[in-house]
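Overview (structure and organization)
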Amino acid sequence: EVKLQQSGDELVRPGASVKISCKASGYTFTNYAMYWVKQSPGQGLEWIGTIIPLIDTTSYNQKFKGKATLTADKSSNTAYMELSRLTSEDSAVYYCARHSYGDYWGQGVMVTVSS
Amino acid sequence: DVVMTQTPVSLPVSLGGQASISCRSSQSLVHSNGNTYLHWYLQKPGQSPQLLIYRVSNRFSGVPDRFSGSGSGTDFTLKISRVEPEDLGDYYCLQSTHFPNTFGAGTKLELK
């Protein structure tokens, strides 16, 4: 069974960074890219970027360049997204999804930026 | 970026009835390889989005045949027949032909 298990919800201070994880199981991690999506409160979905774990290649939505950094650890089948210089605009739920038409999604991580 | 215009924003339906959601793109979604990368998702309250239809008209594994997708070029439709309670939620289209991928703003399917 394919599963994407994301890390827990985060409460972070403005200006700080946060790194969230997405552990894949049930398939060969390096056979698929992974993408990340932002859902702001009560809003729709925004594509952040994609990482290809096999070759450690990333592509980013221009809007999130400098904000999000995607990495992957092949030894642990885990993808990561670090968000930096957080503001209230970054408060949202963040999802990882397998890049085969988004056929499997993580459960989401709620990031709350507040002092 | 490709703009995905999804209508209606809200769609009241009766159980057992039919629903139709439109998604129009600001440019053709036909890729240079001939495929069209337009997909549909349902997000139930409090849950992650789930894939319903990929590449315009292909139902994902386990998706009932009450769901069907159609369209070409810039104009696409998701139809749901015999609406059941578990079909209620927010529906999104996504194009992944052009970089960056872009989603429609969503359609809320709710009971009339």
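Here goes a summary of the coordinates provided. Keep in mind that this is a model prediction, so the values were computed, not measured.

If you tally the helices and strands in chain B, you get 0 helices and 11 strands. Written out in order from the N terminus, the α and β elements of chain B read β-β-β-β-β-β-β-β-β-β-β. Over its C-alpha atoms chain B spans a radius of gyration of 13 Å, differing by no more than 12% from the 13 Å that the globule rule assigns to 112 residues. Along the three orthogonal principal directions, the C-alpha set of chain B runs to about 40 × 25 × 25 Å. In chain B, which comprises 112 residues, the proportion classed as buried is 48%. Once local pairs closer than 6 in sequence are excluded, the contacts in chain B between residues at least 24 apart make up 54%. Summed over all atoms, the accessible surface of chain B reaches about 5100 Å², with 47% contributed by carbon and sulfur.

With that out of the way, let us pick up the environment of Ser22(B). Residues and elements named next belong to chain B. Looking at the secondary structure, you find Ser 22 in strand β3 (residues 19-25). Between the C-alpha atoms of Ser 22 and Thr 74, which are 52 residues apart in sequence, the distance is 11 Å. If we skip the residues at most four places from it in the chain, Ser 22 touches Thr 5, Gln 6, Thr 7, Trp 40, Asp 75 and Phe 76.

Glancing now at the nonpolar core. Of all hydrophobic cores here, the largest spans 37 residues; its most connected members are Leu38(B), Trp40(B) and Tyr91(B). The next biggest cluster of nonpolar side chains, apart from the first, holds 28 residues, and it includes Ala24(A), Ile48(A), Ala72(A) and Val109(A).

Before going further, it helps to examine the side chain of Ser91(A). Residue and element names in this part refer to chain A. Its location among the elements puts Ser 91 in the loop between β8 (78-83) and β9 (92-98). With relative accessibility at 16%, the residue Ser 91 sits in the buried group. Among the polar contacts made by the side chain of Ser 91, one reaches the main-chain amide nitrogen of Val 113 at a distance of 2.9 Å. With residues near it in sequence (within four places) discarded, Ser 91 still touches Ser 40, Pro 41, Val 111, Thr 112 and Val 113.

Quick look at the state of the cysteines now. All names here are of chain A. Within this structure, the stated rule accounts for 2 disulfides over all chains. Between Cys 22 and Cys 96 runs a disulfide, and the two sulfur atoms are separated by 2.1 Å. Here the disulfide of Cys 22 and Cys 96 is right-handed, its torsion about the S-S bond being about 80°. Here Cys 22 is found in strand β3 (residues 18-25), whereas its partner Cys 96 is found in strand β9, with 74 residues between them in sequence. The residues Cys 22 and Cys 96 share a single accessibility class, namely buried.

All names here are of chain B. Of the strand pairs in this sheet, strand β2 (residues 10-13) and strand β11 (residues 107-111) are connected by 4 bridges, and their pairing is parallel. Pairing of Leu 11 across the sheet is with Leu 109, part of β11. As judged from the 3 bridges shared by strand β9 (residues 89-95) and β11, these two strands associate in the antiparallel manner. When the bridges of β11 are listed, Tyr 91 appears paired with Thr 107.

Glancing now at the sheet that holds strand β2 (residues 10-12) of chain A. Residue and element names in this part refer to chain A. Taken together, 6 strands build an open sheet; the order of strands is β2-β10-β9-β4-β5-β6 and the sheet is mixed. If you trace the sheet from one side to the other, it starts and ends with β2 and β6 (57-60), each paired once. For this sheet, the mean inter-axis angle between neighbouring strands, taken without regard to orientation, is 20°. With 6 bridges joining them, strand β4 (residues 34-39) and β9 adopt antiparallel strand pairing. In the sheet register, Tyr 35 faces β9, and the bridge partner there is Ala 97.

Reading the values: rules and limits
- Residues numbered from 1 in each chain as written.
- Chains lettered and ligands numbered in written order.
- Predicted model: local features only at pLDDT ≥ 70, side-chain atom pairs only at ≥ 80, totals over all residues.
- Heavy atoms only, no water.
- Helix = DSSP H or I, 4+ residues; strand = E, 2+ residues; numbered from the N terminus.
- Rg over C-alpha atoms; globule rule 2.2 N^0.38 Å.
- Buried < 20%, exposed > 50% of the residue type's maximum accessible area, 1.4 Å probe, protein only.
- Contact = heavy atoms within 4.5 Å.
- Areas by Shrake-Rupley, 256 points an atom, 1.4 Å probe, with all protein chains shown as cover.
- Core = buried A, V, L, I, M, F, W, Y, C linked by side-chain atoms within 4.5 Å.
- Polar contact = N/O pair within 3.5 Å; in protein donor to acceptor, adjacent residues only side chain to side chain.
- Disulfide = S-S within 2.5 Å.
- Pairing = 2+ DSSP bridges.
- Axes fitted to C-alpha atoms, helices over the stretch in contact; angles between N-to-C directions.

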